[in-house]
Structures are given as C-alpha cells and as structure tokens.
Amino acid sequence: MLPQLLAYLFEIIKTQYQIIIYLMGALLGKSLTNVDAEEPVRKPYQKLQVDELPVIETLPRLDYRQLLVEYEQQHGKPLKPIKRHTNTKTTVPDALTCPQCQAPSAYVYANNGGKGQYPCKVCHCRFNYRSRFAKQVIFRCPHCLKALEKIKERKDYYIHKCKNDDCSFYQTNLRRMTPQEKEQFQHAPYAFKVRYLYREFLFDFKPLASSSPIKTKVDVSRLSVSSHTLGLILTYHVNYGLSARKTASIMKNVHGLSISHQTVINYTNSVALIVKPFIDQFPYELSGSFCGDETYIRVKGRWHDLFFVFDAVKKVVLSYRVSPNRDTFSAIRAIDDVLKKLPSIPEDLSFVVDGNPIYLLAQHFFAQHGISFDVRQVIGLTNEDPVSEEYRPLKQIIERFNRTFKGNYRPTHGFGAEEGSVSFVTLFVAYFNFLRPHSALEKRVPVVIPALESLPHMPARWAKLIAMAQEMLAQQAAS
C-alpha cells in the first residue's frame, strides 16, 4: 500500500512541477524545458489521404435578356411571363432570380409542391437554395464523373464526397479489403476511407497577387554607426552565425565599439525590413528544378515551422516562410512565393517535396484558381517507389541546405519574438543568395551582382547590398 501511495504522490509532484515550468515559461516568453535541445520532438504528418484532383466543370453564365431576344427571333413572338393560378398554394418570392441566367421571379415556376425546387422558363435550369447552380463550378469524381456532394463545412474548406455506389474507386477499395476488414467495415464504416473525397479551400488569398511595398520605419542611413560597422555586425551575426551577445562582445573586445546585444537585434531587424523586398522582387534566372522542405526554429520557447523552397540548380532560396503551424495555408504561401518569381508558369512545372500531404492539398488549391503543377513526393529514407528513386537527389540538396541554415541558427538558441526569427531568416537568405560562395558553383555566389563582387570584403558588400535595397524602395515610393 505504501509504495502505491508514494508512486501516486510522485505523479502529483511531477504534474505540479510541469505546470509551474509551463507557467514560468509563458510569463518569461521562453521555454524553460529542453532549452539546449537542438531538435524538436518529431511531429508526424497528419494521417490523411489526398485523392487526385476532381474534374472541374465551369458552369455557364447566361443573360436572360439575350435569351428572350433569341426566343422572339426564333419563334416570332416574345416569351410571356408565367401566369400563375390564383388558388395555388405555392408561391415564388419576388426577390428570387435564376442563378444561371438571372431571370426575375416572373419567369420562375414553383415546382414539386412548394418543396423548394424552382425551374426557370427562360433557360430551363432547375435549382433550389442549395443547388449546384449557386456555385461557379461543379466538382465531379475523376473515376465515375458523378457530381460530388458537399458533406462537411469546416472553417477553411468544404469536404465533397462521391456517393455513387457504382464508382470504380469505391468498388476497388471494397475489393481490396481483407475478410476481417470487411467485417469491421460492416460495423464501423467510418473507420475506413473508401470513397473519393475532395477539399475545396476557402482561403481569402489570391495567388500571384502582388504585395504592397514595405515602408520602413527606420532609416538605416541615420544610425549612430557607420555603414562599415553595420556590415561588420551583420558579418559576425549572419555569416558566421554568432549570437547577438557574442557579436556585441566581439565589437567591444576586438573593434573597441561598446554596443549591447539588443542594439545588434535592433539593427538586424531594421536591415531585414529593408532587404526583404529586394530579395523577393529580384529578377532571378531560375532553372525550374524546385524542391521544398520544412525545418524548425524556436520562437518564444515553442517550435515554429520554417518552409524553404529552393532552386536546386541555381542554389537560390525562393521562399522562406516562418509559421507557427505546419498547415496547408503555409505551404500555399510558400509555393506562391515561387510562382511570383517566374516570368510565366511552364506546363511542366513541378515541386519535389517530402511526404507531407499539405503540398498535395496546396496543389488542389492552386488548381481551383487555374494554376497547375505537379508535386513529386520523396517519401522516407529509402527508395521504395519510382518517384522517390528519381527525385531523391533533388530532395537531398535541400536537406543539405537545411543543415547549412541550422549551422548558422543554432548559436542563437531561439528567438524571443517572431520579428527576430523572421529577421534572422531574411538576412540569412540575403547572405546565401547574394554573398555566400557556393562550392557547387565553383566558389561563386548563386546570384552574381557585379557591384557586390568587386568589393574587397564582406562588410563592404553588406553595406552595398543595403544601399541597393534602399534605392529600390525609394524608386517604388517615387513611382
């Protein structure tokens, strides 16, 4: 009895300790557990299956006035409005119009005994308040071409299902079941995914939409240090991955300049805000071999996801999104960053990614907006399928890039604010794309800018890069 009581008390003390640590971490803005941990706890992918894209049928939009003119020309007399019986119990609301041709209620019948079905006399469209004609498109099952039925409404998407029992996709999944699975399916059909599903996303996000220019709050040219000193700070902090405290210590002990680590953070935040538009809007010459991956950084004591999309041939970072969640919307924005940098979207565009299903869902989202590309998923560590075998070299390239980033990020031990994490990642991408020689490019930087290449050392190149970014912002403000 005593050992059981001691074990019970030990569990209570352990739980109370965890609660105290969590509350202290929330108050101080950082985690007090596993502070020195370099890797987060492994987060498995969400266990969902993403089916192929549906057949998207665009519905026609007609004009009832033009149809009335065509009817009169064809029949030699106008199409008369509906003459309703005075003793009928079914009525048509005056505000009701045909969703396909916009004909007014005078041309709309009240059908099926007042149960909500309305045929249009002008275009012969049958509809109700939940009709398919209330939407702009029809989603059809790619296996049986039957119209999908909306079954669930979520915050960011609708789920559509093919309910055709004769669908080849449904029948094939039933035949693949073992006898034990078939018996379980009879009692718990919800435990199996046997029908075709499609998620229609409702994000208030327009792909390829241009972002407004960033207006900086800080004029770097008016800082209390020279451009060379600012370049030194960025060289130590970004190029060599030193923490803000070590950077401040070197500036004092080596160069005789007394600054605080918070000053280093303030300078990097200001420079990142200026340099980011230059990175995002630079006219890159791209190869078309794109690969994407996620890694982790710690912000406010919690692991955040960092989405990188990379040109595997040119060694150029095209997207660098920091997100608190590893979700579909983050993948959509990362891919959209790449699409904005392409002069035109090629027909054979593809992205090489891991087995995370959010990239397939992002592919579906872009297809809804008429943007098509392929997603090549390299799954696992061994080549178990032809796609993984063919595209694993590209995936390994971005994995090596992730290791390079982590080498610079690790001394920071995380960030106390989201602004700091975004600033550090932005400056690292600027360094990687424009300043860092790459061994695979014969010790040349990925993006060669003659004005930077001719300068004698790295602090001067940082200063010149900042000046070029400021000049671009000034030109955008003047236009």
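The structure displayed is predicted, hence computed values, not measured ones. (Residues numbered from 1 in each chain as written. Predicted model: local features only at pLDDT ≥ 70, side-chain atom pairs only at ≥ 80, totals over all residues. Heavy atoms only, no water.)

Draft legend 1. Quick look at the sheet that holds strand β11 (residues 350-353). The strand order across the open sheet formed by five strands is β10-β9-β8-β11-β12, and the pairing between neighbours is mixed. The open sheet terminates on both sides in strands that have one partner only, identified here as β10 (316-323) and β12 (374-377). The mean angle between the axes of side-by-side strands here comes to 30 degrees, regardless of whether they run parallel or antiparallel. Pairing between strand β9 (residues 302-311) and β10: seven bridges, direction antiparallel. Along β10, the bridge assignment pairs Leu306 with Val322. Each of β8 (290-299), β9, β11 and β12 is contacted by helix α9 (residues 358-368), which is oriented at about 175 degrees to β12, the strand it contacts most. Relative to β8, helix α10 (residues 386-409) is tilted by about 30 degrees, and along the sheet it contacts β8, β9, β10, β11 and β12. (Pairing = 2+ DSSP bridges. Helix = DSSP H or I, 4+ residues; strand = E, 2+ residues; numbered from the N terminus. Axes fitted to C-alpha atoms, helices over the stretch in contact; angles between N-to-C directions. Contact = heavy atoms within 4.5 Å.)

Draft legend 2. Geometry of the pattern of salt bridges. Following the criterion strictly, the structure yields twelve salt bridges and no others. Here Asp280 and Lys276 are joined by a salt bridge, their closest N and O atoms 3.2 Å apart. With Asp280 and Lys276 both in helix α7 (residues 261-281) and four residues apart, this pair spans about one turn of that helix. Using a relative accessible area of 26% as the deciding quantity, one classes Lys276 as partly exposed. Here Glu453 and Arg444 are joined by a salt bridge, their closest N and O atoms 3.8 Å apart. For Arg444, a relative accessible area of 40% translates into the label partly exposed. A network of salt bridges, in which partner residues are shared, links Asp293, Lys395 and Glu399. (Salt bridge = Lys/Arg side-chain N within 4 Å of Asp/Glu carboxyl O. Buried < 20%, exposed > 50% of the residue type's maximum accessible area, 1.4 Å probe, protein only.)

Draft legend 3. Spatial organisation of the packing of helix α5 (residues 227-239) against helix α6 (residues 244-253). Running from amino to carboxyl end, α5 crosses α6 at an angle of 135 degrees, the nearest separation of the two axes being 9 Å. Our classification of the angle between α5 and α6 gives oblique. Considering only the axes of α5 and α6, their crossing is right-handed. Residue-level inspection shows Thr229, Leu232, Ile233, Tyr236 and His237 of α5 in contact with α6, the latter providing Ala244, Thr247, Ile250 and Met251. A per-class count over the contact of α5 with α6 returns six nonpolar, three polar and no charged. (Parallel < 35°, antiparallel > 145°, perpendicular 65-115°, else oblique. Left-handed = near helix turned anticlockwise from the far one by under 90°. Nonpolar A, V, L, I, M, F, W, Y, C, P; charged D, E, K, R; others polar.)

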